[in-house]
Amino acid sequence: MTVAPSIPKMNETLEVTVLIKCSAWTEAVPGAEDVCRRSATAAFRAGRETAELPPGPYEASVVLADDGFIRPLNRQYRGRDEPTNVLSFANLEGSNGKEGDTAGPRPGQTPRVLGDVIVAYETMRAEADKDGGDIGDHLCHLVVHGMLHLLGYDHGTDAEAERMERMEVRVLSALGAAGHIADGMGR
């Protein structure tokens, strides 16, 4: 008996492109590209329902950079002249992750671009070392956090932060990185 492969629903597909701009990533986190893809996909699948996304497919990018790459972006877009661990640049409009054009599938099923997540190596490494946690798990957490921002999650208020943190815990637990969050999420 032949079993046909399951075909994912259109809004379940996500193509993740990983760009490595800092070679320290490949030395510190073997399989960093796979960690990013699995983390981004898990966050997308968990968060897509509440984001009420229009039909897909979707794409996103994760950039593994360094402090020198992320600092000017943090200064330009957040007004903070310092490096940060992760930045997200969402392509979807509105706080709920809905895009302006939600009228069904796009011609030829061109993917809808969710946006970009950028992670800075030195800042992330310092956080992982300070917490005594696994650097791969910390990368996983930051990619999940960034992807949830792309889906419209935020932590500007206590209620928003609690909602986002609950989703992060859910996703990280499913990925086996729950040990990373045992001492609190932080913001």
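For the structure, check the block above.
Because the structure is a prediction, the values reported are computed rather than measured.

A. Fine view of the overall build of the protein chain. Of regular secondary structure, the protein chain possesses 6 helices and 4 strands. Burial statistics for the protein chain: of 187 residues in total, 43% are counted as buried. Taking the contacts inside the protein chain whose residues are at least 6 apart along the sequence as the reference set, 73% of them involve residues at least 24 apart. Accessible area for the protein chain stands at about 9,800 Å²; split by element, carbon and sulfur atoms hold 48% of it.

B. Representation of the pattern of salt bridges. Scanning the model with the defined rule gives 5 salt bridges in all. Measuring nitrogen to oxygen at the nearest pair gives 2.7 Å for the salt bridge that ties R75 to D81. One salt-bridge network, held together by shared partners, links R71, R75 and D81.

C. Here's a closer look at the environment of L73. For L73, the position within the fold is in helix α3 (residues 67–78). In the structure, L73 is positioned 11 residues away from T84 in sequence and 9.6 Å away in space, judged by C-alpha atoms.

D. Examining the packing of aromatic side chains more closely. One pass over the structure, following the stated rule, counts 3 aromatic pairs. Where W25 meets Y121, the ring centres are 5.2 Å apart and the plane angle is 80 degrees; that geometry is what we call edge-to-face. Taken together, the positions of W25 in helix α1 (residues 24–28) and Y121 in helix α4 (residues 121–131) put the pair 96 residues apart, joining distant regions of the chain. Judged by relative accessible area, Y121 falls into the buried class, the value being 13%. Ring geometry for Y77 and F89: centres 5.1 Å apart, planes at 75 degrees, overall edge-to-face. In this pair, Y77 sits in helix α3 while F89 sits in strand β3 (residues 86–90), placing the two residues 12 residues apart along the sequence. A relative accessible area of 52% places Y77 in the exposed class. The exposure class of F89 is partly exposed, given its relative accessible area of 24%. We note R163 situated over the ring of Y153; from NZ or CZ to the ring centre the distance is 4.2 Å.

Rules used in this analysis
- Residues numbered from 1 in each chain as written.
- Predicted model: local features only at pLDDT ≥ 70, side-chain atom pairs only at ≥ 80, totals over all residues.
- Heavy atoms only, no water.
- Helix = DSSP H or I, 4+ residues; strand = E, 2+ residues; numbered from the N terminus.
- Buried < 20%, exposed > 50% of the residue type's maximum accessible area, 1.4 Å probe, protein only.
- Contact = heavy atoms within 4.5 Å.
- Areas by Shrake-Rupley, 256 points an atom, 1.4 Å probe, with all protein chains shown as cover.
- Salt bridge = Lys/Arg side-chain N within 4 Å of Asp/Glu carboxyl O.
- Phe/Tyr/Trp six-rings, centres within 6.5 Å; stacked < 30°, edge-to-face > 60°.
- Lys NZ or Arg CZ within 6 Å of the ring centre and 35° of its normal.

All quantities given are derived from atomic positions and should not be read as evidence of function.
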